[in-house]
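# A closer look at the structure
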Amino acid sequence: MKNRLVLSASMLSAALLSTGCVEQRVSRYPSLQPRPIERRSNAEPVAAASASAVPDPSLDATLVTYAKTLATTDTGFTPAADAAERAVRAARGDTPGGERWITAQTALAKLDSFRAATSSAVTDLDELAIGRARDAKPPYPALEALHARGEAQLTAEVNRIAAIQAMLPGK
């Protein structure tokens, strides 16, 4: 019996000693050490010096064409918008489908043709800018300026057409 007790005690002590050498892998509590995401910097990356645009004569010639288109539509739009506004005011007493109402609609359609030409030019300028970006070329200042001018003109035309249409009877 004494041998059994000694054997049991020695086995128990060996088991207890061996468990003390085992590394604890599962913790009941999360680590307070910074995680990898907490160690990264939130600072903006330093951008490489941007290359300046090299003069492009063919693009400049294309931009001159679009500038003329925008100037033509801008010059023609204002008097056409004034005429459409007068036609809409004249159609105030008319019913939808009446002669003055149809005249006002025709004047609005003329305005829409100017807006469509401006929109087409702005879309083409968009495509030119996208093509430059796709080819990894730097932004072209003249293109950017003309595009901004075209977008401003298009926004003004759309707003003016909407204001005139809101005055039309039957809307």
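Residues numbered from 1 in each chain as written. Predicted model: local features only at pLDDT ≥ 70, side-chain atom pairs only at ≥ 80, totals over all residues. Heavy atoms only, no water.

A few words on the environment of T73. On the secondary structure map, T73 appears in helix α3 (residues 57–90). A relative accessible area of 5% places T73 in the buried class. Setting aside its immediate chain neighbours within four residues, T73 contacts F114, A117, T118, Q153 and E157. (Helix = DSSP H or I, 4+ residues; strand = E, 2+ residues; numbered from the N terminus. Buried < 20%, exposed > 50% of the residue type's maximum accessible area, 1.4 Å probe, protein only. Contact = heavy atoms within 4.5 Å.)

The next subject is the packing of α3 against helix α4 (residues 99–134). One can describe the packing of α3 onto α4 by two numbers: an axis separation of 9 Å at closest approach and a directional angle of 160°. When the interaxial angle is binned, α3 and α4 end up roughly antiparallel. In the crossing of α3 with α4, the sense of the turn from one axis to the other is left-handed. Grouping the constituent residues of the contact of α3 with α4 by class yields 20 nonpolar, 6 polar and 3 charged. (Axes fitted to C-alpha atoms, helices over the stretch in contact; angles between N-to-C directions. Parallel < 35°, antiparallel > 145°, perpendicular 65-115°, else oblique. Left-handed = near helix turned anticlockwise from the far one by under 90°. Nonpolar A, V, L, I, M, F, W, Y, C, P; charged D, E, K, R; others polar.)

Note on placement: R132 falls in helix α4. Buried charged residue R132 carries no salt bridge. Nearest counter-charge: D56, at 4.3 Å. Leaving out residues up to four positions away in the same chain, R132 has contacts with A53, D56, L59, K137, P138, P139, Y140 and L143. (Lys, Arg positive; Asp, Glu negative; His and termini not counted. Salt bridge = Lys/Arg side-chain N within 4 Å of Asp/Glu carboxyl O.)

Without other data, these values stay purely geometric and don't point to any function.
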